[in-house]
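A look at the structure
Each chain, written out:
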Amino acid sequence: MAKLSGSEIRTYQEQGYVVPDYRVPKTMLKRLQKALEESLAANPTVRPEQLASIHTPKTDPEDTVGHQTFLDTALDLDLVELVSGVLGENIIMWGCQLFCKPGSDGMEVPMHQDGQYWPIRPLATCTLWLAIDASDQNNGCLEVIPGSHRGQFHYSHRLENRNDLVLNQAIDDARLPNVDPIRIELEPGQLSLHDVYLAHGSRPNTSGRRRAGFTIRYMPSTSVLRRDIEIPFAGYPVNWKEKALWLARGSDVSGMNDFEIGHS
Ligand SMILES: O=C(O)CCC(=O)C(=O)O
C-alpha cells in the first residue's frame, strides 16, 4: 500500500532517509523504462546524469527535452500519498531529474547537500529517488550519511571544477558525521526518500551496467520557490526563474507560490 508506516516515518525523521516497503506498479515501471530510452535518444548532447527538468519542455538555459511520462509519474497519487507521510497534506512538486549513469563512464556525484543551491524558503524538500535500473554498490548507487540532516544546517562545500563530476560542489566540513555512508541498493521499481539537509552522493559507475534513477522533488506548500534569489552555477544549468510548480495535493498554504510561470 502506498502509505508510509509509523516506523518508516520515524526512520525518515531520525536518519534523514527511508526505503519504504513499496514498489511502483509494473506498468508504471515499464512506462518509465520506455520514457528513459526515448529521453536518452532525444537528448544526445546532454550528459545522462544531468537530465534536469526531464518532465517539462526544453527551456533556455536548460537544454533538456522533457517527457510527459515523467510529469505523470511525479503527480501520481500513490507517490504523493507516500511523501505526504513526511511532508503533510499540502504538497508542491517542483522538479524532476534523471540521474542516469552509463555502465562505462558513469559520473560521480560528490557528497553534498542539495539545499544550499535551491532557492526554496523556508528550505524544505523531500526527494523521491526511483530506481529505473537496478542500483547497487557496484554500479554507483545512492549513498547517504545517516543523521547528517539533524540540526538543519548547511555544511561548508568546496568548489570542485572537474568535468568528471555531476555537481561542482562537495562537502568539506569537519561537522559531517564521521560514519560510513549507507549504500541504498534498490531493485527496479523500488524507491527511497531523503530530506533536503541530508548529505548524499554516489560513486562513478564503470561496472558495465547502467544505473538510472529518476528523482522527484516535493516541498510542503508552507515553503516558497523564490525566483528572486540568485543561485550560483552548480555544475549544469537550471532555469529557476521559469521553473513550473504543480500543486500535487491540498492548497498553497504560503499563498506566495506562482503556479502559472513555466506552464506554457
Ligand atoms: O542519483 C545520484 O547518484 C545522486 C542523486 C542526487 O544527488 C539527488 O537526488 O539530489
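Residues numbered from 1 in each chain as written. Predicted model: local features only at pLDDT ≥ 70, side-chain atom pairs only at ≥ 80, totals over all residues. Heavy atoms only, no water.

Brief notes about the overall build of the protein
- In terms of helices and strands, the protein carries four helices and 15 strands.
- Taken over the C-alpha trace, the protein has a radius of gyration of 17 Å; the compact-globule value for 264 residues is 18 Å, and the two agree within 12%.
- If one aligns the C-alpha atoms of the protein with their principal axes, the spans along those axes are about 45 × 40 × 40 Å.
- Buried residues in the protein amount to 55% of all 264 residues.
- Taking the intrachain contacts of the protein between residues at least 6 apart in sequence as the baseline, contacts between residues at least 24 apart amount to 80%.
- Counting every atom, the protein has about 11,500 Å² of accessible surface; 50% of that belongs to carbon and sulfur. (Helix = DSSP H or I, 4+ residues; strand = E, 2+ residues; numbered from the N terminus. Rg over C-alpha atoms; globule rule 2.2 N^0.38 Å. Buried < 20%, exposed > 50% of the residue type's maximum accessible area, 1.4 Å probe, protein only. Contact = heavy atoms within 4.5 Å. Areas by Shrake-Rupley, 256 points an atom, 1.4 Å probe, with all protein chains shown as cover.)

Quick notes on the layout of surface pockets
- Taken as a whole, the largest pocket spans an internal volume of roughly 250 Å³.
- Together, 15 residues line the largest pocket, and Ile 231, Pro 232, Val 238, Asn 239 and Trp 240 are the ones closest to its centre.
- Here the lining of the largest pocket is built from residues that sort into eleven nonpolar, one polar and three charged. (1 Å grid on protein atoms, 1.4 Å probe; cavity = no way out; pocket = protein on both sides within 12 Å on 5 of 7 lines; lining within 4 Å. Points joined across faces, edges and corners; volume = space filled by probe spheres on them. Nonpolar A, V, L, I, M, F, W, Y, C, P; charged D, E, K, R; others polar.)

Things to note about empty space enclosed by the protein
- Scanning the model with the defined rule gives one cavity of 30 Å³ or more in all.
- Put simply, the largest cavity is a space of about 320 Å³.
- Along the walls of the largest cavity sit 28 residues, with Gln 97, Phe 99, Trp 118, Arg 217 and Tyr 236 positioned nearest its centre.
- Elements with a contribution of two residues or more to the lining of the largest cavity: strand S3 (91–101), strand S4 (109–112), strand S12 (200–202) and strand S13 (211–220).
- Per-element accounting of the lining of the largest cavity gives the leading share, five residues, to S3.
- Its residues assigned to classes, the lining of the largest cavity comprises 14 nonpolar, nine polar and five charged.

Structural notes on the sheet that holds S12
- Strand order in the open sheet made by the four strands is S4-S12-S7-S10, with antiparallel pairing throughout. Of all the strands in the sheet, just S4 and strand S10 (182–183) have a single pairing partner and so form its edges.
- As judged from the three bridges shared by strand S7 (residues 142–144) and S12, these two strands associate in the antiparallel manner. Bridging from a neighbouring strand, Glu 143 pairs with Gly 201 of S12. (Pairing = 2+ DSSP bridges.)

Examining the side chain of Glu 81
- Mapped onto the elements, Glu 81 comes out in helix H4 (residues 77–87).
- For Glu 81, a relative accessible area of 18% puts it in the buried group.
- Among residues more than four places away in sequence, those in contact with Glu 81 are Ala 2, Lys 3 and Arg 249.

Thoughts on the site of the ligand
- Near the ligand lie 14 residues; those nearest to it are His 112, Trp 129, His 200, Ser 202 and Arg 211.
- Between an oxygen atom of the ligand and a side-chain N or O atom of His 200, the distance comes to 3.0 Å.
- Take Arg 217: an N or O atom from its side chain is 3.1 Å from an oxygen atom of the ligand.
- Within the complex, the protein chains bury 99% of what would otherwise be the 290 Å² of accessible surface of the ligand.
- If you map the ligand onto the pockets, it falls in the largest cavity.
- Listed by contribution, the elements that provide at least two residues to the shell around the ligand are S3, S4, strand S6 (126–131), S12 and S13.
- With three residues, S13 is the single largest residue contributor to the shell around the ligand.
- Among the residues making up the shell around the ligand, the classes are represented as four nonpolar, six polar and four charged. (Near = heavy atom within 4 Å. Polar contact = N/O pair within 3.5 Å; in protein donor to acceptor, adjacent residues only side chain to side chain. Sits in = over half its atoms within 2 Å of the grid points.)

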